[in-house]
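The chain contents come next:
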Amino acid sequence: MMTDGPSQAYESDAVSSRRPLPGILVAGTVIVGVFVLLALLAPFIAPFDAVEQDIPNKLAAPSAEHWLGTDEVGRDVFSRLIWATRVDLPIGFLAALFPMILGTFLGALAAYFGGWVDFVVTRIAEVVQAFPIYVFLIALIFALGPGVKSILITFTVVSWVLYARLIRGEILRIRTREYVQAAEALGYSHARILTRHLLPNAGRQTLVYFASDIVLALITLAALSYFGLGVQPPTPEWGAMVAAGQRFLRTQWWLSVTPGLVIAALGTGLSLISDGLDEWLKDA
Amino acid sequence: MVEGRMSKPLLIVEDLRVEINRHGSIVTPVDEVSFELQQGEILGLVGESGSGKTLTLKALMGLLPPGVVQVGGSISSRSGDVLQPLDPEKARGRIMAMIFQEPATALNPLRRVRDLIAEPFIVGHGVARNEARAKAVALMRAVGIPDPEQRSRAYPHQLSGGLRQRVMIAMALATESTLLLCDEPTTALDVTIQDQILGLLVELKRERDLTLVLVTHDLAVVSELCDRVAVMYAGRIVETGATADVFANPGHPYTAALLAAVPRFEPGGGDLTTIGGSPPDLRNVPSGCRFRTRCQYAFEECATAGHRLTHVADERQTACIHPAWIERGVAI
């Protein structure tokens, strides 16, 4: 701890200096950034349309025209992989974002106000958690009918619980910190103390988890699409592409393998971001 | 310096009682605490750790920790010529603000200094952000932070302890409260910095017509700064009065013992005087006067005497039923 000594390191190092970004955070951001660019620029990058069929030319091997060949109805696989970025990326992101918002809100209320609010939120969370997560997901999507909307609703209903637990624990931990008391002593409202003073200090783990939760959501989305419960054909989606290519695994193995690799690449990027954030945001 | 202030109590605390109920056993860390705070004075609240001085402050602010409850007593504040019950929720950040002991942990680590100081302006007075930031820089200058422009962009951890405490004082001033409750504001600081911060508080008090309550266990600080002093022991105020009077002529054996225990740097000063025994366990306090088990003058009736502050002179009150014995300095 510094004191008012004659020589303060303050002038030289402090005010504007930032901690360097960890390498893995940069690497992860670059990988995910490439996917974001692919999604944004899909119409300019993808050589073919995503859904246009060319039956005579079906199941073609990779060639100069079709870099990754064509699928069972003659659609260009490379183009579909790129177009699918527009589907998987936003769904994965939102399927983690909505639960984060709901869970953080409920968890923060529970921790801050305690009492019956805490009791109710914690009990509901326990009920949700009592179900095996995939069984719950599949059952809910069956009930709501397949599709993007059901996927987002289902993810929100199921996975807010983890976010709620995370933020609740963190807020309980910092709730008694003096700066929170100081904020109360300055007469700030509950809403202000929660949003300006507690959440920013409690949100580190949530942010780290969010990045890895997107991976989870993406993989689950792919799995659901594989079972036919996710994104419906002919919309290009990586999981659905893996499922569709399965029949031709012996002869046209790239139909299943390439979308799998794409999912793995994006997942790796997000995981690197998650780990990098964790390192970067460690207590100063 | 003290003329005419008796007529204007800013805050009246009567029979304040705070309880902690833990697993059914009730402890009363603040008991029958009554005092008046005069407009424009510095009142020192002294006592050992655990004597209830900080909890008394927190009760005033309505910021008692979970599980600690104010179960009795009244706090009234004066606005204009009327005394009315104090609503801490409404008073916080409007008429009173608190300065904490540990500036390292009492500042939100994720906010820049300028935003910390600007916040009370924005929240309490509806000032626009940019204007509030400008006011924050002006306040930083007023509390003696060098290079305020540049430092306003710093985060708390980039500042030294003394500067952090100045930031906290600036935050309290930004609320435009006139009553500052200071909870050991210099305990966590270096001795040289302590003096600077205390000097700053006195200067600000004079410039801005503030009223200060200063919780401390440092008797030197009290004698230097405080107009009046209230001495707490085991949750009760045992003596109050003008600081000079109390120090020159203590009216309670505990005060006398405390003063005798202050180290003096005199040639051949001899051993440090201590108070025998230790403060009572609050779960099991002696009947009557709580100090009697350690008091060298204790009488039989001390065990049955109720706690009551009685006037022994103008503005002087003591809870001791035999204050005259102290003057004679005779041990029984």
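Caption draft 1: Just a nonpolar patch on the surface, in detail. All names here are of chain A. A cluster of nonpolar side chains, namely Val36, Leu37, Leu40, Leu41, Phe44 and Ile45, defines an oily patch on the protein surface of about 580 Å² accessible area. Here Phe44 is to be found in helix 2 (residues 23–45). Among the residues examined, Phe44 registers a relative accessible area of 70% and is labelled exposed.

Caption draft 2: Region of the structure containing the domain arrangement of chain B. Parsing chain B into structural domains produces domain 1 (107–175) and domain 2 (251–328). For domain 1 of chain B versus domain 2 of chain B, the separation of C-alpha centres amounts to 43 Å.

Caption draft 3: Summary view of the interface of chain B and chain A. Residue-level contacts link 44 residues of chain B with 24 residues of chain A. Remark: the boundary between chain B and chain A carries 1 salt bridge. Here chain B and chain A share 10 residue pairs in polar contact (both at pLDDT 80 or more) between them. Taken together, the elements giving at least two residues each to the side of chain B that touches chain A come down to helix 1 (53–61), strand 6 (96–99), helix 3 (113–125), helix 5 (148–151), helix 6 (161–174) and helix 7 (191–208) of chain B.

Caption draft 4: Broad picture of the sheet that holds strand 1 (residues 9–22) of chain B. Residue and element names in this part refer to chain B. The 4 strands are arranged 2-1-4-5 in an open sheet whose pairing can be described as antiparallel. The open sheet is flanked by strand 2 (25–38) and strand 5 (82–85), the only strands paired with a single partner. Each strand of the sheet is rotated relative to its neighbour by a mean of 10 degrees, with strand direction disregarded. Across 8 bridges, the pairing between strand 1 and strand 4 (residues 68–79) is antiparallel. Across the sheet, residue Glu14 finds its bridge partner in strand 4, namely Ser74. Strand contacts of helix 1: strand 1, strand 2 and strand 4, with the helix running at about 70 degrees to strand 2, the strand carrying the most contacts.

Caption draft 5: Representation of the nonpolar core in the model. All names here are of chain B. Residues Ile117, Ile169, Leu180 and Leu181 are the most contacted members of the largest nonpolar core, which totals 113 residues. By residue number, the principal contributor to this core is helix 6, which donates 9 residues. Apart from the residues within four sequence positions on either side, Leu180 is in contact with Ala97, Ile99, Ala172, Leu173, Leu210, Thr211, Leu212 and Val213.

What counts and what doesn't
- Residues numbered from 1 in each chain as written.
- Chains lettered and ligands numbered in written order.
- Predicted model: local features only at pLDDT ≥ 70, side-chain atom pairs only at ≥ 80, totals over all residues.
- Heavy atoms only, no water.
- Patch = residues over 30% accessible without salt bridge, like charges linked within 9 Å, V, L, I, M, F, W, Y side chains within 5 Å.
- Areas by Shrake-Rupley, 256 points an atom, 1.4 Å probe, with all protein chains shown as cover.
- Salt bridge = Lys/Arg side-chain N within 4 Å of Asp/Glu carboxyl O.
- Helix = DSSP H or I, 4+ residues; strand = E, 2+ residues; numbered from the N terminus.
- Buried < 20%, exposed > 50% of the residue type's maximum accessible area, 1.4 Å probe, protein only.
- Domains from an automatic or database assignment.
- Contact = heavy atoms within 4.5 Å.
- Polar contact = N/O pair within 3.5 Å; in protein donor to acceptor, adjacent residues only side chain to side chain.
- Pairing = 2+ DSSP bridges.
- Axes fitted to C-alpha atoms, helices over the stretch in contact; angles between N-to-C directions.
- Core = buried A, V, L, I, M, F, W, Y, C linked by side-chain atoms within 4.5 Å.

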